[in-house]
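For reference, the chains in residue letters:
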Amino acid sequence: MILGIETSCDETSASVVRGGREILSNVVSSQIESHKRFGGVVPEIASRHHVEQVTYIIEQALREAEVTMDDVDAVAVTEGPGLVGALLVGVNAAKALAFAKGKPLIGVHHIAGHIYANHLVEELTFPLLSLVVSGGHTELVLMDEHGKYEILGETRDDAVGEAYDKVARTIGLPYPGGPHMDRLAHEGEASIELPRAWLEADSFDFSFSGLKSSVITTLHNAKQRGEEIPEETIAASFQASVIDVLVTKTMRAVEKHGVERLVLAGGVAANKGLRARISEVCEERGLKMTIPPLALCTDNAAMIAAAGSVMYEKGQFADDRLNAQPGLELER
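Presented here is an overview of the structure given in this document. Just so you know, the residues in each chain are numbered from 1, in the order the chain's sequence is written. This being a predicted model, a pLDDT of at least 70 is required before a residue's local features are given, and a value of 80 or more before pairs of side-chain atoms are given or counted; all residues contribute to the totals for chains, interfaces and linings. The side-chain figures draw on all heavy atoms in the structure; neither hydrogens nor water molecules are used.

### Here's the deal with the packing of helix α2 (residues 43-65) against helix α3 (residues 84-101)
Our working rule: Structural elements are reduced to axes, namely lines fitted to C-alpha atoms, with helices fitted over the stretch in contact, and the angle between N-to-C directions of any two is expressed from 0 to 180 degrees. By the criteria applied, helices consist of DSSP H or I runs no shorter than four residues and strands consist of E runs no shorter than two, each listed in order from the N terminus. Oblique is the label for any angle not covered by the other classes, which are roughly parallel (under 35 degrees), roughly antiparallel (over 145) and roughly perpendicular (65 to 115). Take the far helix as your reference; a near helix turned counterclockwise from it by less than a right angle gives a left-handed crossing, and one turned clockwise gives a right-handed crossing. Contacts are residue-level and defined by heavy atoms, with any inter-residue pair within 4.5 Å sufficient. Any residue that is not Ala, Val, Leu, Ile, Met, Phe, Trp, Tyr, Cys, Pro, Asp, Glu, Lys or Arg is counted as polar, Gly included; the first ten are nonpolar and the last four charged.
Contact geometry of α2 with α3 gives a least axis separation of 9 Å together with a crossing angle of 30 degrees. It follows that α2 is roughly parallel to α3 by the angle criterion. The chirality of how α2 crosses α3 is right-handed. From α2, S47, H50, V51, V54 and I58 reach across to α3, where they touch G85, A86, V89, A93 and L97. Taken together, the residues of the contact of α2 with α3 break down into seven nonpolar, three polar and no charged.

So, in structure tokens, the structure goes:
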């Protein structure tokens with residue numbers, strides 16, 4: 001039984017997971033309302049909220065799971081990547097709790113947590129390919145066994161979630177912009193031809209900065225001509241470009257590495273357009289596809305506990321030198 005703690009960005013979360021797959025509790029306190037007026041996450045505000053909330057959230061997670069710390073076998077916490085001040089709150093809470101109760105301590109990579117959110121839905125089988133799409137990450141990760149990660153491609157500039165938020169801000173949508181863009185995309189037609197960044201012929205890397213700039217330029221040119229482009233048209237055209245690149249590159253990686261199992265992970269995995277398109281393509285190709293429910297796409301501690309359970313089985317424990325690592329590498 002693992003107690004998971006997640007404070008990498010703007011959600012304070014604690015969860016109790018049994019056997020790596022059974023969620024007994026998963027408590028999440030979101031800070032969206034606090035950051036909305038700034039148009040994005042303010043690190044200092046995020047850290048202060050975590051300090052105020054983390055003890056209460058842990059207590060609530062234990063209470064909802066109907067367990068005590070005596071029942072818990074280990075404490076798993078997000079070690080990185082993320083905002084350093086936010087990470088420090090969770091790491092130090094976990095270290096203090098593990099030390100006080102004499103429990104093993106496990107440092108978990110945030111992206112590994114997102115991948116293992118799928119393990120809470122359906123047991124992972126290997127080899128598999130994971131498409132990780134979030135506000136700070138866009139990666140294709142190959143796994144041959146539990147806890148072993150090989151990054152085939154990653155973003156060279158803006159992550160897909162970051163691009164969504166920037167375009168949303170340009171057309172006046174509130175933060176976070178991704179859900180609003182996804183909703184509008186289903187109301188409009190992708191009638192504007194926007195660029196697709198394929199990069200080198202054999203590359204699995206991603207780039208969305210040029211797409212974002214193209215949207216801004218298109219809107220600026222229309223304004224200069226005295227024209228107004230409906231926001232749903234912009235959203236639909238932008239989303240069509242993003243999904244085309246994500247799905248095409250993912251399927252190329254599937255073919256090259258001969259995998260038959262695909263999982264979607266990260267906050268942008270909640271995007272209805274992406275979920276529908278990638279599921280459709282997987283069905284056409286006979287690939288096994290797993291997508292977490294919406295509650296497990298965004299940052300939460302259940303996914304950290306699930307990834308921590310694998311590390312527990314492997315005996316991969318941390319000691320009191322565990323520290324926040326905002327640039328932690330997944331392949332480590």
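Now that the structure is up, let's keep going.
### Re the pairing of strand β2 (residues 11-18)
Spelled out, the test is: Whether a residue is buried, partly exposed or exposed follows from its accessible area with a 1.4 Å probe, protein chains only, as a fraction of its type maximum: under 20%, in between, or over 50%, in that order. Think of it this way: DSSP has to see at least two bridges between two strands before they count as a pair.
Of all eight residues in β2, seven are buried; the element is thus mostly enclosed. Pairing analysis gives five bridges linking strand β1 (residues 2-6) to β2, with the strands arranged antiparallel. Of the residues in β2, the one forming a bridge with E6 is S13. The turn joining β1 and β2, which pair antiparallel and follow one another in sequence, is formed by four residues. Alignment of β2 against strand β3 (residues 22-30), held across eight bridges, turns out to be antiparallel. Bridging from a neighbouring strand, S13 pairs with V28 of β3.

### Section: the layout of surface pockets
A probe as big as a water molecule, rolled over the atoms, marks out the empty space that is left. Basically, it comes down to this: Site definitions follow a grid-based scheme: protein atoms alone, a 1 Å grid, a 1.4 Å probe that fits but cannot get out for cavities, and for pockets an open set with protein on both sides within 12 Å along at least five of seven lines, plus lining residues having an atom within 4 Å of a point. Grid points are joined across faces, edges and corners, and a volume is the space filled by probe spheres set on the points.
Counted as a void, the largest pocket has a volume near 1200 Å³. Elements with a contribution of two residues or more to the lining of the largest pocket: α4 (110-116), α5 (160-170) and α6 (177-185). With six residues, α5 is the single largest residue contributor to the lining of the largest pocket. Of the residues assigned to the lining of the largest pocket, the class counts are 13 nonpolar, 16 polar and ten charged. Each pocket or cavity is described by its volume, and for the second largest pocket that value is around 290 Å³. Around the second largest pocket, the lining comprises 18 residues; the ones closest to its centre are G147, Y149, M311, Q316 and L330. Ranked by residue count, the leading element in the lining of the second largest pocket is helix α11 (residues 301-314), at four residues.

### Things to note about the sheet that holds strand β6 (residues 128-133)
Judged by pairing direction, the sheet is mixed, and its five strands sit side by side in the order β8-β7-β6-β9-β10 without closing on themselves. The sheet is open, and its two borders are formed by β8 (150-154) and β10 (288-290), each paired with just one other strand. Neighbour-to-neighbour, the strand axes of this sheet turn through a mean angle of 20 degrees, independent of strand direction. The pairing of β6 with strand β7 (residues 138-143) spans six bridges and is antiparallel. Residue pairing in the sheet places V133 in a bridge with T138 of β7. Seen against the sheet, helix α8 (residues 231-257) touches β6, β7, β8 and β9 (261-265) and runs at an angle of roughly 160 degrees to β6.

### Topic: the pairing of β1
Extensive coverage of β1 is indicated by the burial of five of its five residues. Of the two faces of β1, the one lined by I2, G4 and E6 and the one lined by L3 and I5 are each fully buried. Bridge count for β1 against strand β4 (residues 74-80) is four bridges, and the pairing is parallel. Residue I2 lies in a different strand from β4, and its bridge partner there is A74.

### Comments concerning the packing of aromatic side chains
Quick reminder of the rule: Aromatic rings from Phe, Tyr and Trp, taking only the six-membered ring of Trp, are treated as a pair when their centres fall within 6.5 Å; an angle between ring planes under 30 degrees marks them as stacked, one over 60 as edge-to-face, and anything in between as tilted. Charge-over-ring placement is defined geometrically: NZ (Lys) or CZ (Arg) within 6 Å of the ring centre, and within 35 degrees of the ring normal.
If you walk through the whole model with that rule in mind, you get three aromatic pairs. Ring geometry for F206 and F208: centres 6.2 Å apart, planes at 10 degrees, overall stacked. Here F208 falls in the buried class, since its relative accessible area comes to 1%. For the ring pair Y312 and F317, a centre distance of 5.6 Å and an interplane angle of 70 degrees mean the geometry is edge-to-face. Judged by its relative accessible area of 40%, F317 is partly exposed. When the ring centre of F206 is taken as origin, the NZ or CZ atom of K249, which lies over that ring, is 5.9 Å away.

So far we have only geometry, and geometry alone does not tell us how the molecule works.
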